[in-house]
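Tertiary structure, described
The lines below spell out each chain.
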Amino acid sequence: MDELQEMREQMAALKEKLNKQEVVNDRLIRDVLNQKMKVINKNGWFSSIAGLFVITFGNFIFYQMGLSTWFLIGTTVMMIFCVAVTWISHSWVNSNEIANGDLLRVAKQAYRLQKVYKNWKYIALPMILAWGVWLGLEYTAIVQDTTIVLVTMSGGVVGGLIGGIIGFRQNKKVINELDEMIRYIKEISDLDEENDKEEKGV
């Protein structure tokens, strides 16, 4: 009888140890996901700062160049739209959900955000091209010297290409980080399902 009681105590102690280990593992997993989300949100801050820079300093330069009020308003609206889309979509992946919620729900939120980043080029490229043509037409109407127009616009194109490459790399980085998050959660979920099946003897 004493041996049976001792066995029960050992089993209870083992179960308690496993439960504690499971809690530790869960916390480590959530910490990793939180760190990845911080890296992703840094891109959101970078994009927002760039947008605010264009709205303030950029519009000041455009005003000094003599561009129309409508162009300044159009630029401001475009930047506000970009910043708003960035932060609304980033808010879908909730830090509280990562810390305490359902990780499968976090994976769905991450996939939704990833989809925005993957599809953003279909919105951003036409928008930037239209804005660039508008800028070129207004500047050409103000400056009559073709040489000055060509030199200035060439500089603008080069600057735009450099900015586009940086933006593309940032976009790719976010997509990859989100892909890792989703894959990580899926692997853990599959492992949990296998463990449940083993415990049930399936």
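Everything below is about the structure shown above.
Structure report, in brief. (Residues numbered from 1 in each chain as written. Predicted model: local features only at pLDDT ≥ 70, side-chain atom pairs only at ≥ 80, totals over all residues. Heavy atoms only, no water.)

Across its full length, the protein holds five helices and zero strands. The burial tally for the protein puts 27% of its 202 residues in the buried class. The long-range share in the protein, meaning contacts at least 24 apart out of those at least 6 apart in sequence, stands at 77%. A total accessible area of about 14300 Å² is found for the protein, and carbon and sulfur atoms account for 64% of it. (Helix = DSSP H or I, 4+ residues; strand = E, 2+ residues; numbered from the N terminus. Buried < 20%, exposed > 50% of the residue type's maximum accessible area, 1.4 Å probe, protein only. Contact = heavy atoms within 4.5 Å. Areas by Shrake-Rupley, 256 points an atom, 1.4 Å probe, with all protein chains shown as cover.)

Next up on the list: the environment of T152. Mapped onto the elements of the fold, T152 is located in helix α5 (residues 146-200). Since its relative accessible area comes to 33%, T152 is described here as partly exposed. Along the chain, T152 and Y139 lie 13 residues apart, while their C-alpha atoms are 9.3 Å from each other.

Here the structure, examined in full by the defined rule, presents three salt bridges. A salt bridge links E177 to K36; the shortest N-O distance between them is 3.5 Å. Of this pair, E177 sits in helix α5 while K36 sits in helix α1 (residues 2-64), and the two are 141 residues apart along the sequence. In this structure, E177 and K36 share a single accessibility class: buried. Across the pair R183 and D179 runs a salt bridge whose closest N-O atoms are separated by 3.2 Å. One end of the pair, R183, and the other, D179, are both in helix α5, four residues apart, so they sit about a helical turn from each other. Assessed through its relative accessible area of 42%, R183 is described here as partly exposed. (Salt bridge = Lys/Arg side-chain N within 4 Å of Asp/Glu carboxyl O.)

Together, F46, V158, I162 and I166 make up a nonpolar patch on the protein surface, roughly 370 Å² of accessible area in all. In terms of residues, the nonpolar patch owes the most to one element, α5, which gives three residues. Tracing the backbone through its elements, the reader meets F46 in helix α1. (Patch = residues over 30% accessible without salt bridge, like charges linked within 9 Å, V, L, I, M, F, W, Y side chains within 5 Å.)

Moving on, we come to helix α4 (residues 103-142). Residues spaced three or four apart along an α-helix point in a common direction, a consequence of the helix completing one turn every 3.6 residues. Counted at 1.5 Å a residue, the expected span for α4 with its 40 residues is 58 Å, and the 56 Å between its end C-alpha atoms agrees. A side-chain oxygen of the first residue of α4 lies 3.1 Å from the backbone nitrogen of L104; this N-cap is D102. (Expected span 1.5 Å × (residues − 1). Polar contact = N/O pair within 3.5 Å; in protein donor to acceptor, adjacent residues only side chain to side chain.)

This brings us to the packing of aromatic side chains. For any pair of aromatic rings, the description consists of the separation of the ring centres together with the inter-plane angle of the planes. Scanning the entire structure with this criterion turns up seven aromatic pairs. Each member of the aromatic cluster is reached from another via a ring pair, and the members are F62, F71, W131 and W134. The cationic tip of R112 hangs over the ring face of W92; the distance from NZ or CZ to the ring centre is 3.8 Å. (Phe/Tyr/Trp six-rings, centres within 6.5 Å; stacked < 30°, edge-to-face > 60°. Lys NZ or Arg CZ within 6 Å of the ring centre and 35° of its normal.)

Note that H90 resides in helix α2 (residues 69-90). Here the side chain of H90 touches Y117 through a polar contact of 2.6 Å, side chain to side chain.

Here V149 is to be found in helix α5. Sequence separation between V149 and G136 is 13 residues; the distance between their C-alpha atoms is 8.4 Å. Filtering out sequence-adjacent residues up to four positions away, V149 remains in contact with Y139, T140 and V143.

For α2, which comprises 22 residues, the first-to-last C-alpha distance of 32 Å matches the rise-based estimate of 32 Å (1.5 Å per residue) to within 8%. What α2 keeps buried is the set F71, L72, T75, M78, M79, C82, T86, S89 and H90. Mapping the buried residues of α2 onto a view down its axis gives an arc of 155°, with all of them on the same face. Facing away from the buried side of α2 by more than 90 degrees, the exposed set consists of T69, W70, V77 and I80. (Arc of directions from axis to C-beta.)

Between α2 and α4, the shortest axis-to-axis distance is 12 Å and the interhelical angle comes to 175°. Judged by the angle between their axes, α2 and α4 are roughly antiparallel. Contact with α2, carried on its side by W70, F71, G74, T75, M78, F81, C82, V85, T86, S89 and H90, involves L113, V116, Y117, W120, I123, M127, W131, W134, L135 and E138 of α4 and no other residues of that element. Split by residue class, the contact of α2 with α4 holds 15 nonpolar, five polar and one charged. (Axes fitted to C-alpha atoms, helices over the stretch in contact; angles between N-to-C directions. Parallel < 35°, antiparallel > 145°, perpendicular 65-115°, else oblique. Nonpolar A, V, L, I, M, F, W, Y, C, P; charged D, E, K, R; others polar.)

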